[in-house]
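Commentary on secondary and tertiary structure
Chain by chain, the residues:
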Amino acid sequence: MSRAVLDAHLEPGELELLEECTRVGAAELGALAAHADGLNRPLVRGLADAGLLSRLFAHGPEGWSPDVSALELCLIREGLARSCTEAESAFAVQGLGSFPILQSGTHAAVEAWLPRLASGEAVAGFALSEPDAGTDVASMSLAAEPDGDGGYRLTGEKVWISNAPDADVYSVFARTTPGAGARGLTAFLVPRDTPGLRGDALRLISPHPIGRLVFEGAHVPAEYVLGEVDRGMGVAMRTLDMFRPSVGAGALGMARAALDAALAHASSRRAFGRPLSDFQAVSHRLADVATRVQAARLLVHHAARAYDAGLRPVTQAAAMAKLMATEVAQEAVDAAVQVHGARALEQGHLLEHLYREVRAPRIYEGTSEIQREIIARALFEEVSS
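Treat the numbers as computed from the prediction; the structure is a model and nothing was measured. (Residues numbered from 1 in each chain as written. Predicted model: local features only at pLDDT ≥ 70, side-chain atom pairs only at ≥ 80, totals over all residues. Heavy atoms only, no water.)

**Remarks on the pairing of strand S1 (residues 57–60)**
- Bridge analysis of S1 against strand S2 (residues 63–66) gives 4 bridges, and the strand direction is antiparallel. Each residue of the ladder has a partner; that of His59, found in S2, is Trp64. (Pairing = 2+ DSSP bridges. Helix = DSSP H or I, 4+ residues; strand = E, 2+ residues; numbered from the N terminus.)

**Structural notes on the nonpolar core**
- Of all hydrophobic cores here, the largest spans 115 residues; its most connected members are Leu47, Leu80, Phe91, Leu154, Phe188 and Phe215.
- Ranked by residues supplied to this core, first place goes to helix H7 (residues 232–268) with 15 residues. (Core = buried A, V, L, I, M, F, W, Y, C linked by side-chain atoms within 4.5 Å. Buried < 20%, exposed > 50% of the residue type's maximum accessible area, 1.4 Å probe, protein only.)

**Here's the deal with the packing of H7 against helix H8 (residues 280–308)**
- Two elements in contact, H7 and H8, have axes separated by 9 Å at closest approach and are oriented at 160 degrees. Taken together, H7 and H8 sit at an angle that is classed as roughly antiparallel. The interaxial crossing formed by H7 with H8 has left-handed handedness.
- Of the residues contributing to the contact of H7 with H8, the split by class is 19 nonpolar, 1 polar and 4 charged. (Axes fitted to C-alpha atoms, helices over the stretch in contact; angles between N-to-C directions. Parallel < 35°, antiparallel > 145°, perpendicular 65-115°, else oblique. Left-handed = near helix turned anticlockwise from the far one by under 90°. Nonpolar A, V, L, I, M, F, W, Y, C, P; charged D, E, K, R; others polar.)

**Re the packing of aromatic side chains**
- Summed over all chains, the structure comprises 4 aromatic pairs.
- Among the aromatic residues, those joined into a cluster by ring pairs are Phe57, Phe99 and Phe243.
- In this arrangement the basic side chain of Arg274 is found over the ring face of Phe279, its NZ or CZ atom lying 4.3 Å from the centre. (Phe/Tyr/Trp six-rings, centres within 6.5 Å; stacked < 30°, edge-to-face > 60°. Lys NZ or Arg CZ within 6 Å of the ring centre and 35° of its normal.)

In structure tokens:
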């Protein structure tokens, strides 16, 4: 594929960032990702050593502040996913878990945790989902009850939390006002060593550090409340609105890796005396996939640029980007597996790995069905306004 043409909408610095992340993922982070079981701290430190975590946070005379654009997030995640999906996941979760602290934490909380998170010394988690409240965040039931000194006691459970149960700190969302739906949630910073907090690991089809957290009256002091009480949904959405387009970017990084593998195989593999690429059933399917992958990339980058331009709300554009990109990525990986045949199903093959990895993005940070609901609501609100 003509990379120069496909990336013509990117500025030189943006293209350089994309290519550098692809190179770093292959040359430096891949070895750290290999054979890891559970939370991979060397990989997180490798992201810091490569200068990628410092792109998330800036430290200046006025303290810590966000230092990455939504488009840069997309380019970093796409580049890493093309060469090392484990590094892409570790980068994304470190950002998700850290941004509520950075954006809404007290000065004491920020100063206590951001230096460690930016250096890779500490690992973060984003604790939103519950057993009965994944997509429907407003039905969250983890209870946060005042303890009389300005702090809170958390009781309940979180599940499918990346980096749990071994992350050093979590951004946790809990209910402070019963019966208030999304208006009664509050965000908290909760260190792993908090008394009353325990957890266990879960195993998914693609091995990732992910688990369950159980809160049994875990005490959170007043200085670890993130933002305003009962305004935690805003803390969550400010983080998710920025990160959601980059979910699609990570999926598309996998799609481009799969497509590259399919093109190389179809060019070299012969059947009935001809290269596979001579058969229209193969070449036309890959042509369709390449077209849809590029269209999805442009949609993802458009949503990110809209966010960076200060346009609000970007919820509809971000939902469109995540929906199309994650669905197309699954299609691309499946097509590449089909082109390769049985060899792609062998354990350890790139496409066997991508086939397992590409499934989750259609679920986390809002399922494809929820993205469609978000898009539809926005469309009909425009009609009625």
